[in-house]
Amino acid sequence: MTPPHRAGLAETMLSAFISLLLQNALARRNPASAFPHNQIASITVADKITSRQQDYSQWYIDLVRSAKLADYSDVRGCMVIRPNGYAIWEKMQAALDGMFKATGHVNAYFPLFIPESFIAKEAEHIEGFAPECAVVTHGGGEELSEKLYVRPTSETIIWSSYKKWIQSYRDLPILINQWANVVRWEMRTRLFLRTTEFLWQEGHTAHATPEEAQEEVIRMINVYRTFAEEYMAMPVIVGKKSDSEKFAGADATYCIEAMMQDGKALQAGTSHNLGQNFAKAFDCQFQSKEGVLEYVWATSWGVSTRLIGALIMAHSDDKGLVLPPKLATRQVVIIPILKGNKDEVRAHARFIARALNHHGIPTFVDDSENNSPGWKFAEYELQGIPVRIELGPRDIEQGKCVAARRDTLEKTELLLDDTLPANIEEILNNIQQNLYDRALLFRQENTVEVSSWEEFKAKVEKGFVIAHWDGTAETEAQIKEETKATIRVMPMDAEYRQQYSMDEPGTCIRSGNPATQKVVFAKAY
RNA sequence: CGGGGUGUGGCUCAGCUGGUAGAGUGCUGCGUUCGGGACGCAGAGGUCGUGGGUUCGAGUCCCGCCACCCCGACCA
């Protein structure tokens with residue numbers, strides 16, 4: 001066998017390589033080889049990461065830092081998103097941006113600074129946001145005549161523009177999204193989940209009718225659902241927020257709510273029906289077909305880098321990050337076992353990488369000699385690379401390699417022939433599906449319907465609790481006060497509602513008053 | 001804003017009743033290794049968070065300040 005050499009490799013040689021591999025595979029004598037590596041030895045990875053069982057929140061922090069996703073900065077409450085973490089965000093952005101464009105939206109950019117008077121225009125809005133705003137008082141060495149708020153969200157600055165752009169029903173709808181950073185001066189922060197500055201996208205749309213606005217609100221929350229399920233492999237409950245949980249300035253807030261591995265809920269995305277609140281605050285009217293002046297109907301919707309936190313807490317384990325393949329910029333790592341004829345092993349590894357990349361599977365080779373293979377196994381598991389290929393001289397001799405999948409840590413032997421790319425692809429698809437199934441099963445196992453207050457208090461410590469609620473803010477506040485659990489969502493999905501017979505009338509779990517429906521309670525991030 | 005904790009090589013930390021700074025890990029170089037976080041040898045790296053005080057002498061004792069982390073109340 002002539003080992004391929006790295007010099008002069010070109011895409012055109014790919015098919016030659018594949019047939020070479022094929023020949024090797026056919027020629028090999030001993031397909032069921034003897035060396036035992038289809039089981040994972042129970043290694044004690046240096047206690048780099050606290051186990052989830054020991055301390056869930058410490059596990060999260062350890063993971064984020066050791067997988068090099070983010071780092072604390074020297075600014076309180078702010079984080080540095082490192083390349084590994086930013087890569088996930090870029091994948092999320094790309095997928096979401098495509099979905100926004102496909103639903104007719106365009107991107108634009110509005111200023112970071114918002115005049116104080118703008119923020120103050122919508123009563124509920126300023127009440128909700130002012131306390132957590134950073135305010136600029138000086139510029140160019142002089143005190144500003146009007147303070148500038150660093151945007152906590154952009155409704156006001158955007159509506160001040162929309163007012164200028166909208167005169168007629170012909171100007172509607174406006175369907176704009178912006179990718180931006182925002183600042184909210186939170187008291188307590190947590191990497192990705194809540195930081196003073198974070199990255200997000202915010203869609204802001206303007207419509208001629210309430211029906212059209214409502215349609216948009218639902219369309220976008222469904223876009224988020226699709227993204228969560230198909231890309232993040234994270235099941236979510238889609239529904240409406242109670243009045244006390246809704247956005248400051250909205251008539252209604254819809255959300256996708258996910259369950260983390262500790263049973264707590266995490267709001268992963270929101271879509272607001274803003275009614276005419278901002279149009280009225282900014283006096284934004286349009287002339288209808290009938291010639292009548294009417295206020296514009298608005299929506300806004302957003303997801304943030306918090307999704308990265310959700311992703312981590314939904315899937316990862318004590319060995320590190322577990323990434324769904326669709327959000328992995330690097331789906332396969334090849335680790336050559338460099339002994340014997342190193343150059344040959346290396347060359348094969350690179351050839352396989354080339355073949356997989358050619359097949360659309362982002363693959364890289366770590367053939368450095370600084371670290372042992374075992375070190376590399378652990379390191380890339382920590383970083384969540386979905387599939388690892390181990391390739392040593394013995395494999396090459398026998399025309400095969402070992403593929404280890406990150407979600408189950410299972411190893412399988414694969415032939416080094418032209419079936420390899422398809423086989424790897426299948427594993428990647430399986431991982432994507434398995435992560436979703438696993439998370440869904442976990443959510444189902446940790447969701448209970450309760451009918452007594454005692455049971456409620458016990459069960460709400462971990463997981464989702466479905467119970468009757470009398471619909472009043474007083475009862476909601478009381479429950480929060482006593483258990484720290486809140487109403488996470490009033491699900492819209494008919495199947496979900498039916499599964500937990502949520503439309504059955506009954507008596508409120510706390511007050512005992514008549515209740516027309518059940519809602520989902522949980523402790524939340 | 002309450003409660004707790006921590007500030008000492010890049011990181012994790014030790015440093016006792018004060019005597020002039022150490023380990024592990026990481027880093028650099030060379031060599032041997034390599035199928036689950038390998039090993040040997042040789043190196044580089046610290047105004048001990050900060051200001052003051054006590055003392056012949058402070059990483060260590062006293063007072064102030066600052067910063068960060070964790071837990072709670074608020075929030076995506």
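Considering the overall build of chain A
Piece 1. Summing up its helical and strand segments, chain A has 16 helices and 25 strands in all.
Piece 2. In terms of overall dimensions, chain A has C-alpha extents of about 80 × 60 × 50 Å along its principal axes.
Piece 3. Across the 525 residues that make up chain A, the buried fraction comes to 54%.
Piece 4. In chain A, the proportion of contacts linking residues at least 24 apart, taken out of those at least 6 apart, comes to 70%.
Piece 5. When the accessible area of chain A is evaluated, it comes to approximately 23400 Å², of which 49% is carbon and sulfur surface.
Piece 6. Counting 57 positive and 69 negative side-chain charges, chain A places the averaged centre of each group 5 Å from the other.

Here we look at the sheet that holds strand β3 (residues 106-107)
Backbone-to-backbone hydrogen bonds pair the strands of a sheet. The strands run either parallel or antiparallel.
Piece 1. Strand order in the open sheet formed by 11 strands is β3-β7-β8-β14-β11-β10-β9-β22-β25-β21-β20, and the pairing between neighbours is mixed. Looking along the sheet, the strands with just one partner apiece sit at the ends: β3 and β20 (447-449).
Piece 2. With 3 bridges joining them, strand β22 (residues 486-491) and strand β25 (residues 517-522) adopt antiparallel strand pairing. Within β25, the position partnered with V489 by the bridge is V520.
Piece 3. Against the sheet, helix α9 (residues 306-315) makes contact with β11 (265-275) and β14 (297-304), and its axis sits at roughly 145 degrees relative to β11, the strand it touches most.
Piece 4. Packed onto the sheet, helix α13 (residues 420-445) meets β9 (237-240), β10 (252-259), β20 and β21 (464-469) and runs at close to 30 degrees relative to β20.

Remarks on the side chain of R406
Piece 1. Turning to its location among the elements, R406 is positioned in the loop between β18 (400-405) and β19 (411-415).
Piece 2. A polar atom in the side chain of R406 sits 3.1 Å from the backbone oxygen of G320.
Piece 3. Reaching out from R406, the side chain makes a polar contact with the backbone oxygen of E381 at a distance of 2.8 Å.
Piece 4. Sequence-distant contacts of R406, that is, excluding residues within four places in its chain, are made with D317, K319, G320, L321, V322, E381, G384, I385, P386 and I431.

The rules behind these values
Residues numbered from 1 in each chain as written. Chains lettered and ligands numbered in written order. Predicted model: local features only at pLDDT ≥ 70, side-chain atom pairs only at ≥ 80, totals over all residues. Heavy atoms only, no water. Helix = DSSP H or I, 4+ residues; strand = E, 2+ residues; numbered from the N terminus. Buried < 20%, exposed > 50% of the residue type's maximum accessible area, 1.4 Å probe, protein only. Contact = heavy atoms within 4.5 Å. Areas by Shrake-Rupley, 256 points an atom, 1.4 Å probe, with all protein chains shown as cover. Lys, Arg positive; Asp, Glu negative; His and termini not counted. Charge placed at Lys NZ, Arg CZ, Asp CG, Glu CD. Pairing = 2+ DSSP bridges. Axes fitted to C-alpha atoms, helices over the stretch in contact; angles between N-to-C directions. Polar contact = N/O pair within 3.5 Å; in protein donor to acceptor, adjacent residues only side chain to side chain.

Everything listed is a geometric property; what it means functionally is a separate question.
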